[in-house]
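# Observations on the three-dimensional arrangement
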Amino acid sequence: MRVQSNVLRWLTRTAEPIVELNWDILYSEHLPKVFNYFRYRVGDGTVAEDLTSVTFSKAWQARHRYRDDVAAFSTWLFTIARHVAADHFRQHRQPLPLEEFSQHPDTRTPEDDALRESDFRRLTMLLSKLPERERELLSLKYAAGLNNRTIASLTGLSESNVGTILHRTIQNLRTQWGEGGPLHG
């Protein structure tokens with residue numbers, strides 16, 4: 001009797017109407033955030049584009065499993081993106097350079113470019129020394145632009161723990177940066 005009751009609950013739950021999503025709006029809203037997340041994580045724009053494409057493809061294929069009563073769409077989508085990133089890093093164990101971030105068309109002078117490049121290399125080196133969890137939280141916060149509540153939902157950490165870890169990590173980076181000399185503007 002208990003098995004029948006569980007099966008009946010399962011059938012009732014799966015018989016709920018599928019949430020209709022406007023994929024055009026969701027895609028245009030979340031594409032830059034997902035791309036920035038991957039660009040920050042892998043450093044290579046082409047790889048970031050590929051991983052973004054894989055993420056949206058997987059989301060589209062799994063759209064029938066999305067439940068808005070369980071999580072916000074962004075949380076669900078970034079859960080997929082984090083899995084795609086983990087799969088990518090399992091396949092490519094070597095670290096990827098982040099030099100492309102320093103190439104901005106709006107630079108003013110060659111001196112500004114040189115200082116920016118130097119700062120970028122220094123920041124990249126400091127970030128590379130961080131534990132994986134801190135790098136992941138930084139990329140979700142600053143590259144993807146997610147709030148602490150969403151990051152907490154994605155990582156299984158509490159919201160206050162996310163905030164504390166991010167604060168301590170930023171403070172640590174500022175301290176290490178200060179030990180190497182002043183910032184260049």
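Residues numbered from 1 in each chain as written. Predicted model: local features only at pLDDT ≥ 70, side-chain atom pairs only at ≥ 80, totals over all residues. Heavy atoms only, no water.

This part covers the overall build of the protein chain. When you go through the protein chain residue by residue, the secondary structure sums to eight helices and zero strands. Starting at the N terminus and walking to the C terminus, you meet the elements of the protein chain as α-α-α-α-α-α-α-α. Buried positions account for 32% of the 185 residues belonging to the protein chain. Across the protein chain, every contact between residues at least 6 apart in sequence was considered, and the portion connecting residues at least 24 apart equals 64%. In the form shown here, the protein chain has an accessible surface area of approximately 12000 Å², with 54% of it arising from carbon and sulfur atoms. (Helix = DSSP H or I, 4+ residues; strand = E, 2+ residues; numbered from the N terminus. Buried < 20%, exposed > 50% of the residue type's maximum accessible area, 1.4 Å probe, protein only. Contact = heavy atoms within 4.5 Å. Areas by Shrake-Rupley, 256 points an atom, 1.4 Å probe, with all protein chains shown as cover.)

This part is about the pattern of salt bridges. Taken as a whole and assessed by the stated rule, the structure comprises nine salt bridges. Across the pair Arg 90 and Asp 87 runs a salt bridge whose closest N-O atoms are separated by 2.4 Å. Of this pair, Arg 90 and Asp 87 both sit in helix H4 (residues 73-91), three residues apart, roughly one helical turn. Glu 117 is paired through a salt bridge with Arg 121; the nearest N and O atoms lie 3.4 Å apart. With Glu 117 and Arg 121 both in helix H5 (residues 110-128) and four residues apart, the pair spans about one turn of that helix. Accessibility expressed as a relative area gives 48% for Arg 121, which makes it partly exposed. Through salt bridges with shared partners, a single ionic network connects Arg 41, Arg 82, Glu 132, Arg 135 and Glu 136. (Salt bridge = Lys/Arg side-chain N within 4 Å of Asp/Glu carboxyl O.)

This next bit is on helix H8 (residues 159-179). The end-to-end C-alpha distance of H8, which contains 21 residues, comes to 30 Å, matching closely the 30 Å that a straight helix rising 1.5 Å per residue would cover. Within H8 the residues assigned to the buried category are Val 162, Ile 165, Leu 166, Thr 169, Ile 170, Leu 173 and Trp 177. Each buried residue of H8 sits inside an arc of 130° when the element is viewed along its axis, so together they form one side. Across from the buried face of H8, at angles greater than 90 degrees, the exposed residues are Ser 160, His 167, Arg 168, Arg 174 and Glu 179. Next to the buried residues of H8 lie H5, helix H6 (132-143) and helix H7 (148-155). (Expected span 1.5 Å × (residues − 1). Arc of directions from axis to C-beta.)

Another aspect to go through is the packing of H4 against H7. The contact between H4 and H7 brings their axes to 10 Å, and the two run at 50°. One element, H4, and the other, H7, form an angle in the oblique class. Once H4 is placed against H7, the crossing between them reads as right-handed. Contacts between H4 and H7 involve Ser 74, Thr 75, Phe 78, Thr 79 and Arg 82 from the first element and Thr 150, Ser 153, Leu 154 and Thr 155 from the second. (Axes fitted to C-alpha atoms, helices over the stretch in contact; angles between N-to-C directions. Parallel < 35°, antiparallel > 145°, perpendicular 65-115°, else oblique. Left-handed = near helix turned anticlockwise from the far one by under 90°.)

Next up on the list: the side chain of Ser 139. As for its position among the elements, Ser 139 is in helix H6. Judged by relative accessible area, Ser 139 falls into the buried class, the value being 0%. What Ser 139 contacts, discounting residues up to four positions off in sequence, is Tyr 37, Tyr 40, Arg 41 and Ala 144.

Viewed as axis vectors pointing N to C, helix H2 (residues 23-42) and H6 meet at an angle of 145°, and their least axial separation amounts to 9 Å. Where H2 crosses over H6, the two elements pack in a sense that is right-handed. Contacts from Lys 33, Asn 36, Tyr 37, Tyr 40 and Arg 41 in H2 reach Glu 132, Arg 135, Glu 136, Leu 138, Ser 139, Leu 140 and Ala 143 in H6. Looking at the contact of H2 with H6, its residues break down into five nonpolar, two polar and five charged. (Nonpolar A, V, L, I, M, F, W, Y, C, P; charged D, E, K, R; others polar.)

A word on the side chain of Thr 169. Of note, Thr 169 is situated in helix H8. A relative accessible area of 6% places Thr 169 in the buried class. Discounting residues that sit within four places of it in the chain, Thr 169 has contacts with Leu 130, Glu 134 and Leu 138.

Confidence in the prediction for the protein chain averages 79 pLDDT; 77% of positions are at 70 or higher. Segment residues 1-8: pLDDT under 50, and zero contacts once partners within four positions in sequence are set aside and those in other chains are kept. (pLDDT = per-residue confidence, 0-100.)

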